[in-house]
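# Coordinates in review
Now for the letters of each chain:
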Amino acid sequence: MKNARRYLANETYFVVDDLTLKDLKEKRRWKNEVSQLFANGTFLHFSGGRWRTRDGRPFAFHSS
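Heads up: these notes are all about the structure in this document. (Residues numbered from 1 in each chain as written. Predicted model: local features only at pLDDT ≥ 70, side-chain atom pairs only at ≥ 80, totals over all residues. Heavy atoms only, no water.)

This part covers the overall build of the protein. Counting its regular elements, the protein contains 3 helices and 2 strands. When the elements of the protein are put in sequence order from the N terminus, they spell out α-α-α-β-β. The buried share among the 64 residues of the protein stands at 16%. A total accessible area of about 5,800 Å² is found for the protein, and carbon and sulfur atoms account for 51% of it. (Helix = DSSP H or I, 4+ residues; strand = E, 2+ residues; numbered from the N terminus. Buried < 20%, exposed > 50% of the residue type's maximum accessible area, 1.4 Å probe, protein only. Areas by Shrake-Rupley, 256 points an atom, 1.4 Å probe, with all protein chains shown as cover.)

Shown next as structure tokens:
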């Protein structure tokens, strides 16, 4: 996939990673919290089955 992204960089196509069902559930689990954090200036991305900070460290959510 890394090569595909590079080869398609100047094209109108793009590559989207498919998530496992487990990863998709984890991503959706924190959707509202991630939106609120973004609105307050904290930027996260989902990678490797975890929400991560800009430097790649896993973000620790606090369950309510």
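Before going further, it helps to spend a moment on the packing of aromatic side chains. How two aromatic rings sit relative to each other is set out by the distance from centre to centre and by the angle between their planes. Taken as a whole, this structure holds 4 aromatic pairs when the rule is applied. Aromatic pair Phe 46 and Trp 51: ring centres 5.4 Å apart, planes at 70°, arrangement edge-to-face. Summarising the burial analysis for this pair, Phe 46 and Trp 51 share the class buried. Ring geometry for Phe 59 against Phe 61: centres 4.9 Å apart, planes inclined by 70°, an arrangement best described as edge-to-face. In this structure Phe 59 comes out as partly exposed when scored by relative accessible area, which is 22%. (Phe/Tyr/Trp six-rings, centres within 6.5 Å; stacked < 30°, edge-to-face > 60°.)

Let us now look at the pattern of salt bridges. Evaluated as defined, the whole model comprises 2 salt bridges. Ionic pairing is found between Arg 29 and Glu 26, a salt bridge with its closest N-O pair at 3.6 Å. Placement of the pair is Arg 29 and Glu 26 together in helix α2 (residues 21-29), with a separation of 3 residues, close to one helical turn. Judged by its relative accessible area of 23%, Glu 26 is partly exposed. A salt bridge links Asp 55 to Arg 57; the shortest N-O distance between them is 2.8 Å. The class of Arg 57 is exposed, set by a relative accessible area of 53%. (Salt bridge = Lys/Arg side-chain N within 4 Å of Asp/Glu carboxyl O.)

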